[in-house]
Amino acid sequence: MPELNRRPPRYLKPMNRMLKAVQKLGVPTGPAMVLTVPGRKTGQPRSTPVTPFYFRGGLYVVAGYPGADWAANARAAGTGTLARGRRRRQVRIVELGADDARAVLREFPAQVPVGVAFAKRSGLVRDGSADEFEALAGRVAVFRFDPAGTT
């Protein structure tokens, strides 16, 4: 298993800025959505592109690397806004424990090929297999997005 990077690749911030700008113009960018949550220190809105996917009736997202700031903000906030183009919806953000995350992580490579490519480039995985992603349970954050107002 490769060493788990704790820092994002250098290209990530400029790429995220571009994706957010395009989304703000109302242009959907494939499966990517923009998650906005209050920052855990400032309370100011923080937005990041994410690629959620449906699995067993739920909408899930996997952090691209351990220690991602957006994941810490999402964990602290517990709620946020998901946007694609001009469409927005409020969501509750539920972090999965390692045991529950395993099945979601196994499904990730089949559902989010762009995420597999990112994980390979950043050194998180070598071949991008379901087994490799499942082994990340407990090391990368996995969240489920529920409609706001549900318990």
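Before reading further, recall that the structure is shown in the block above.
A short tour of the structure in this document, coming up.

What counts, and where the lines are drawn
Residues numbered from 1 in each chain as written. Predicted model: local features only at pLDDT ≥ 70, side-chain atom pairs only at ≥ 80, totals over all residues. Heavy atoms only, no water. Helix = DSSP H or I, 4+ residues; strand = E, 2+ residues; numbered from the N terminus. Buried < 20%, exposed > 50% of the residue type's maximum accessible area, 1.4 Å probe, protein only. Contact = heavy atoms within 4.5 Å. Areas by Shrake-Rupley, 256 points an atom, 1.4 Å probe, with all protein chains shown as cover. Axes fitted to C-alpha atoms, helices over the stretch in contact; angles between N-to-C directions. Parallel < 35°, antiparallel > 145°, perpendicular 65-115°, else oblique. Arc of directions from axis to C-beta. Salt bridge = Lys/Arg side-chain N within 4 Å of Asp/Glu carboxyl O.

1. With respect to the overall build of the chain
Secondary structure summary: the chain contains 5 helices and 7 strands in total. Reading the chain from its N end, one meets helices and strands in the order α-β-β-β-β-α-β-β-α-α-α-β. Each of the 151 residues in the chain was classed as buried or not, and the buried ones make up 44%. Relative to all contacts within the chain whose residues are 6 or more apart in sequence, the contacts with residues 24 or more apart total 67%. With an accessible surface of roughly 8,500 Å², the chain has 51% of that area assigned to carbon and sulfur atoms.

2. Here's the deal with unusual backbone geometry
Most peptide bonds take the trans form, and the phi angle of most residues other than glycine is negative. The phi angle at R56 is positive, at roughly 50 degrees, despite the residue not being glycine. Along the chain, R56 falls in the loop between β3 (53-55) and β4 (58-62).

3. Things to note about helix α2 (residues 69-77)
If you check which residues of α2 are buried, you get W70, A71, A72, N73 and A74. Each element contacted by the buried residues of α2 is listed here: β1 (33-38), β2 (45-50), β4, β6 (87-95) and β7 (142-147). A positive backbone phi angle near 75 degrees is found at G78, which sits one or two residues after α2.

4. Some remarks on the packing of helix α3 (residues 98-111) against helix α4 (residues 113-121)
Between α3 and α4, whose axes approach to 6 Å, the crossing angle comes to 105 degrees. Overall, the two elements α3 and α4 adopt an arrangement that is roughly perpendicular. Contacts from F108, P109, A110 and Q111 of α3 reach α4 at P113, G115 and V116.

5. Re α4
Burial in α4 covers these residues: G115, V116, F118 and A119. Projection of α4 onto a plane perpendicular to its axis shows the buried side chains occupying an angular sector of 160 degrees, all on one side. Across from the buried face of α4, at angles greater than 90 degrees, the exposed residues are P113 and R121. Of the residues flanking the end of α4, it is G123, one or two places downstream, whose phi is positive at about 80 degrees.

6. Details of the pattern of salt bridges
Tallied over the entire structure, the rule returns 7 salt bridges. Where R92 meets D146, a salt bridge forms, and the shortest distance between an N and an O atom there is 3.2 Å. You can see R92 sitting in strand β6 and its partner D146 sitting in strand β7, a full 54 residues away along the chain. Taking relative accessible area as the criterion, R92 reaches 24% and is therefore assigned partly exposed. Of the charged contacts, one joins D146 and R144 as a salt bridge, the two residues approaching to 2.8 Å between their closest N and O atoms. The partly exposed category is assigned to R144, whose relative accessible area is 24%. Each member of the salt-bridge network shares a partner with another, and the members are R92, R144 and D146.

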